[in-house]
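In case you want the letters, here they are:
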Amino acid sequence: MQDLNNVYYDENDLGLTYTRTCSTFKIWAPTASEVKVVLYDHAGEYDQDGLVNNHEGGSAHPMDRMRDGVWSLTLPGDLEGRFYMYKVAFSTGKVHYAVDPYAKAVAAGGARTAIIDMSKTNPSDWEDDVRPPQVRATDAVIYELHVRDFSMDEGTLFQKKGLYGAFAERGLTDPDGNSIGIDHLMELGVTHVHLLPVFDFKTVNELTVHDPKASGSKYNWGYDPQNFNVPEGSYSSDPKNPYARIREFKEMIRALHNSGIRVIMDVVYNHTFGVDDGPFDGIVPGYFYRRNDHGYLTNGSGVGNELATERPMVRKYIKESVRYWANEYHIDGFRFDLMGLIDVQTMTEVTQMLKHEVDPSILVYGEPWTGGDSPLPDKTLKGAQRGKGFAVFNDHYRSAVKGDNDGGASGFATGWWGLEREVLTGVQGAIYDFTHDPSETINYVTAHDNLNLWDKVVTSQGLRHQLQFSEWHDGVPALGIAPVEAVMNADPYRYVDSSKLFDNDTVRRSLLANGMIITSQGIPFIHAGDELMRSKYGDHNSYRSGDAVNSLRWKNKARFRAVFDYYKGLIQLRKEHLAFRMESREQVERHLKVLQCGNGILAYMLDGYAAGDAWNRIIVIYNGKEHAEAVSLPQDKPWNIVVSDEAAGVTPLSQVSKQVVIPRLSMMVLYDRESGIETQVLADIEIMVSRTAVSREEELRFDAVFRDQHGKPMKGLMAAWRSSDDRIIRIRQTGKAKSLSCGKCTITASHGGIETSIQMVVDELYPARMELTSDRTIYATQTFQPFLRLWDQYDQLLEGVAYTLETTTPRIVAVENGGRKIKAIRPGTATIVARAEGLTASYNLQIQPYFIRTIEMEYSRPDGQYEGWNVWVWGTGIHDGKIPFHVGSDGRATATVRVAPGIRRIGYIVRLNEWEEREGDRDHFIDLPPSPSKERIKVHVHSGTKEVVVAVGGQLIHLHGLSSA
């Protein structure tokens, strides 16, 4: 395959840009010899599997080859309602028809790209949709849920069963008056709903999914991506209508947001369902997928292919995709499937982009493992997330609590003593394992994969046969019976007496397992239905087992109401007490103290007051034994029990002193007294806006900063916004606003009885003052752009004003790039002049002689083996990347790094070949002398140690000017 890593398109306009007067199509296809846009009046002719295989017959329009591998075409007129494909030809003679990989709307089954007006997909109040408040990652309580599972129970009153629309149905109850649906989620108290994949996936026939007589596939978890930027059609009321799935998806998001619940999207950027008929290979054959040295597709995903995320345009695709979901659909977080197959740089850039460009409170986390062997050297595995802003699933803690995933092996909560130390490591937020801070660990015991919690516990108890669980394989029960029959034969609650729930060992072990998760440091994650004692009838991989196995049984809420209340109380405890949600390693190290660890008991104390909690000291005790155990308490004063083996919450149940007896297979939480922390009371609101004078038709954003009675910031509050004159500035409840006409108005933010206002002016802004500056040191032969600042008549900085540059000393400096940049020609004193809308500013600068410094890097290894070792450098200003070591006749391995003038710091890593090994686990940096210098700079790196010696001017200085990051 042609090397395309240097063919990079840096704009964000690939795909279709639609307006009522024209449509522009852009596609990155650098290896194509010809590309055409083929327009159709309809979605195509579908076969019995819901696929369109023939794309002939459309009107073809040739595209123009542009820069950086991009093809472009603008067609006049309003094309709304039509469909298109790309017809891509190659020099080999092959021709592919392909759906636009950047498609935002598609026909049923993703068969063709649909041309729609995205503004018509917004619910009426979509602009006022806001993310529910969240202060920090550890405030989250995540609830993993499949869209169809949520509402397919035939015994319920959902009107839109299996659809996005079910999430907007309020006021639903079971026959006993218990809330179900979205009201249940609100009552439970979770902060985030994690939706299994909801982008367009391949294996459900969208044309027949709503036909009860159809026999085709109607169910899948969705880990078979087809169109990454389009909602799945089988969850919409009309998959044939490209608008329906988008509008109904947004209505689901709005309903959850209005209920105080954020939405996390499960994304699968590690593979696609197919390659030949997938979203990428028809456009750029071979580029988007990893292959081995023999040219074969690699299979780190376990499903036949893996995306080459380390390639620039693949990384760009992923970043643009998640940005699109966050902005267009108001998604609040992303869970990355098989994140081990995504390189660390991509995950880091995705996280930084989301938090810096969209919202700092967006959650990013994923699975730090692969599904098979992969040639990717820089896998995002446990530990790779340290300090990078995203989290990973903690399978170490999972295994310590429950044992293995699908077998009979036990953990602390399921019958195996001796794992108390491993459990403690999980309780501490894995800061002594693989995290830097507890916000980097997702704590869980079960998820959609493998046996769910109830089925795992009964399996570890050896009860599968007594409960008549079938053995399942790919959605089919053994012995040839139908799934519905296997479900009917099973009796998962055979030994459970609903009137004595807490007498049952399976119930107790289940509550202990998730109770440990909810009260540990980190981010708790529970699988939908755990609070209803959900069973999947022994099916450990129900990805296509259908509704009979997967649907939530809402009748279990009344049957097991005490279990639901226990979960609700634990979540309330966590949400109301900061001691369970510490953010940093330092907090955990300082405020979590172990009281007892071993022999089936783990007891620890949280220094609540010091952690900002309203309770002074909190004790948490887990008992994995099958009998009660007495635990001594650290002071001869009363302790209030708020969590026992049968109740959980924040209200004291009873008091004990000196010691407490922990019943078998249970947990307990106690506190000594209220700490006396003064409650924050809102006293003031400050409005933040970039400028108080704006032009007409300008988009702007207002933010509110809340302060308490002592002037300290208050988190988690939302302002109500209003404008004194909507004809001048119209403001949404999100704080987003638009200026409409010239004049003055007042913008007010309020919360409760507190409000504040700011005066705004809308006017024709013009430059009134200008200043020109530049870097202090410019070197001959370098090209640079001076800094030009302009102020308007209100003394505000103006951006985007056209200007030109001139020089009065053309022998010293020259003007390039249409009067926007300066090139230094030779040393001397130069004058440059800037002109903008009648204003003039000049600046004198000194051009310095150009010189190159060299750094000699010497590398020593005890084994003397230097074959393949090299240094990877960046920030040199001349040549970044790989520089091999050369072994001289004296046996020394050296590499010479050339550094441009003005460079103050370079970074380097010593590595073997292409990252097979590296020296140390951090990047290293060398700070260079700030002024022009002829001094020789030498760096000596000793393998296997942290010793690095830097010599400047022949004088050795240990760790001189060197730091790690």
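Refer to the structure printed above.
The structure displayed is predicted, hence computed values, not measured ones.

**A few points about the overall build of the protein chain**
1) Next: Helix and strand content of the protein chain: 14 helices and 61 strands.
2) Next: The C-alpha atoms of the protein chain give 31 Å as radius of gyration, which agrees with the globular expectation for 965 residues (30 Å, within 12%).
3) Next: Taken along the three principal axes of its C-alpha coordinates, the protein chain extends 95 × 75 × 70 Å.
4) Next: Classification of the 965 residues of the protein chain by burial places 56% in the buried group.
5) Next: In the protein chain, 69% of the contacts between residues at least 6 apart in sequence involve partners at least 24 apart.
6) Next: Total accessible area computed for the protein chain in this model is approximately 40,000 Å², and 47% of it derives from carbon and sulfur atoms.
7) Next: The averaged location of the 127 negative side-chain charges in the protein chain is 3 Å from the averaged location of its 105 positive side-chain charges.

**Things to note about the pairing of strand β10 (residues 142-145)**
1) Next: Covered by surrounding structure in β10 are Ile 142 and Glu 144 together with Tyr 143 and Leu 145, the residues of both alternating faces.
2) Next: Bridging between β10 and strand β11 (residues 192-195) involves 4 bridges; their strand directions are parallel. Bridge pairing in β11 links Leu 145 to Leu 195.
3) Next: Where β10 lies against strand β21 (residues 523-527), 3 bridges are found, and the strand directions are parallel. The residue of β21 that forms the bridge with Glu 144 is His 527.

**A few points about helix α5 (residues 344-358)**
1) Next: If you check α5, its first and last C-alpha atoms are 20 Å apart, about what 15 residues at 1.5 Å a residue would give, namely 21 Å.
2) Next: Residues of α5 that are buried include every one of Val 344, Thr 346, Met 347, Thr 348, Val 350, Thr 351, Met 353 and Leu 354, and no others.
3) Next: Packing partners of the buried residues in α5 comprise α4 (312-328), β15 (333-336) and β16 (363-366).

**Some details on the packing of aromatic side chains**
The relation between two aromatic rings is expressed through the spacing of the ring centres and the mutual angle of the planes.
1) Next: Taken as a whole, this structure holds 41 aromatic pairs when the rule is applied.
2) Next: Between Tyr 859 and Phe 885, the ring centres sit 5.3 Å apart and the planes meet at 25 degrees, which makes this aromatic pair stacked. Of this pair, Tyr 859 sits in strand β50 (residues 853-860) while Phe 885 sits in the loop between β52 (881-884) and β53 (886-887), and the two are 26 residues apart along the sequence.
3) Next: The aromatic ring of Phe 564 is capped on one face by Lys 557, whose charged end is 4.1 Å from the ring centroid.
4) Next: The ring of Trp 791 has Arg 769 lying over it, and the distance from NZ or CZ to the ring centre is 3.9 Å.

**Remarks on the pattern of salt bridges**
1) Next: A complete count under the given rule lists 57 salt bridges for this structure.
2) Next: The salt bridge involving Lys 26 is made with Asp 13; its shortest N-O contact spans 2.7 Å. Residue Lys 26 is found in strand β2 (residues 22-28), and its partner Asp 13 is found in the segment before β1 (15-18); the two are separated by 13 residues along the sequence.
3) Next: On the accessibility criterion, Lys 26 (18% relative accessible area) is buried.
4) Next: Across the pair Lys 738 and Glu 697 runs a salt bridge whose closest N-O atoms are separated by 3.3 Å. Separated by 41 residues along the polypeptide, Lys 738 in strand β37 (residues 736-739) and Glu 697 in the loop between β31 (693-694) and β32 (699-701) bring together distant segments of the chain.

**A look at unusual backbone geometry**
Generally, phi is negative for residues other than glycine and the peptide bonds are trans, each holding for most cases.
1) Next: In the Ramachandran plot, Glu 697 falls in the positive-phi region, its phi being about 60 degrees despite a non-glycine side chain.
2) Next: Overall, the relative accessible area of 52% leaves Glu 697 in the exposed class.
3) Next: Backbone geometry at Thr 781 places phi at a positive 80 degrees, although glycine is not the residue there.
4) Next: For Thr 781, a relative accessible area of 48% gives the class partly exposed.

**Side note on the packing of helix α10 (residues 505-519) against helix α13 (residues 561-576)**
Packed helices, taken two at a time, are described by their axes: the angle between them and the distance between them.
1) Next: One way to put it is that α10 packs onto α13 with a least axis distance of 10 Å and a crossing angle of 15 degrees. Considering the angle they form, α10 stands roughly parallel to α13. Where α10 crosses over α13, the two elements pack in a sense that is right-handed. Where α10 abuts α13, its residues Val 507, Ser 510, Leu 511, Asn 514, Gly 515, Ile 517, Ile 518 and Thr 519 lie against Val 563, Tyr 566, Tyr 567, Leu 570, Ile 571, Leu 573 and Arg 574.
2) Next: Each residue belonging to the contact of α10 with α13 can be placed in one class, and the counts come to 10 nonpolar, 4 polar and 1 charged.

**So, the sheet that holds strand β42 (residues 783-784)**
1) Next: With antiparallel pairing, 3 strands are arranged side by side in an open sheet as β42-β47-β46. Pairing within the sheet leaves two strands with one partner each, and these edge strands are β42 and β46 (813-816).
2) Next: With 2 bridges connecting them, β42 and strand β47 (residues 821-824) associate as antiparallel partners. Following the sheet pairing, Phe 784 is matched in β47 by Ile 822.

**Re the nonpolar core**
1) Next: In this structure, Phe 25, Trp 28, Tyr 86, Phe 288, Phe 334, Phe 336 and Tyr 622 are the most contacted members of the largest nonpolar core, which totals 182 residues.
2) Next: Of all the elements, α4 adds the most residues to this core, at 8 residues.
3) Next: Those residues in contact with Trp 28 that sit more than four places away from it in its chain are Leu 4, Val 7, Tyr 9, Leu 14, Asp 68, Gly 69, Val 70, Ile 283, Val 284, Tyr 287, Phe 288 and Met 313.
4) Next: Listed in part, the 25 residues of the second largest apolar core include Val 801, Ala 834, Ala 836 and Leu 845.

**Quick look at the sheet that holds strand β48 (residues 828-836)**
1) Next: Strand order in the open sheet made by the 4 strands is β41-β49-β48-β45, with mixed pairing throughout. Whereas interior strands pair on both sides, the edge strands pair on one side only; in this sheet they are β41 (778-779) and β45 (804-807).
2) Next: Sheet analysis places β48 next to strand β49 (residues 839-848), joined by 9 bridges and oriented antiparallel. Note that in β49 the partner of Val 833 across the bridge is Ser 842.

**Observations regarding the layout of surface pockets**
1) Next: Volume-wise, the largest pocket comes out at about 2,000 Å³.
2) Next: Lining the largest pocket are 41 residues, and of these Val 344, Gln 345, Asp 378, Trp 915 and Arg 918 lie nearest its centre.
3) Next: Elements supplying a minimum of two residues to the lining of the largest pocket: α4, α5, β51 (869-874), β55 (905-912) and β56 (917-918).
4) Next: The element best represented in the lining of the largest pocket is α5, accounting for 3 residues.
5) Next: In terms of residue class, the lining of the largest pocket is made up of 12 nonpolar, 8 polar and 21 charged.

Thresholds, definitions, all that
- Residues numbered from 1 in each chain as written.
- Predicted model: local features only at pLDDT ≥ 70, side-chain atom pairs only at ≥ 80, totals over all residues.
- Heavy atoms only, no water.
- Helix = DSSP H or I, 4+ residues; strand = E, 2+ residues; numbered from the N terminus.
- Rg over C-alpha atoms; globule rule 2.2 N^0.38 Å.
- Buried < 20%, exposed > 50% of the residue type's maximum accessible area, 1.4 Å probe, protein only.
- Contact = heavy atoms within 4.5 Å.
- Areas by Shrake-Rupley, 256 points an atom, 1.4 Å probe, with all protein chains shown as cover.
- Lys, Arg positive; Asp, Glu negative; His and termini not counted.
- Charge placed at Lys NZ, Arg CZ, Asp CG, Glu CD.
- Pairing = 2+ DSSP bridges.
- Expected span 1.5 Å × (residues − 1).
- Phe/Tyr/Trp six-rings, centres within 6.5 Å; stacked < 30°, edge-to-face > 60°.
- Lys NZ or Arg CZ within 6 Å of the ring centre and 35° of its normal.
- Salt bridge = Lys/Arg side-chain N within 4 Å of Asp/Glu carboxyl O.
- Axes fitted to C-alpha atoms, helices over the stretch in contact; angles between N-to-C directions.
- Parallel < 35°, antiparallel > 145°, perpendicular 65-115°, else oblique.
- Left-handed = near helix turned anticlockwise from the far one by under 90°.
- Nonpolar A, V, L, I, M, F, W, Y, C, P; charged D, E, K, R; others polar.
- Core = buried A, V, L, I, M, F, W, Y, C linked by side-chain atoms within 4.5 Å.
- 1 Å grid on protein atoms, 1.4 Å probe; cavity = no way out; pocket = protein on both sides within 12 Å on 5 of 7 lines; lining within 4 Å.
- Points joined across faces, edges and corners; volume = space filled by probe spheres on them.

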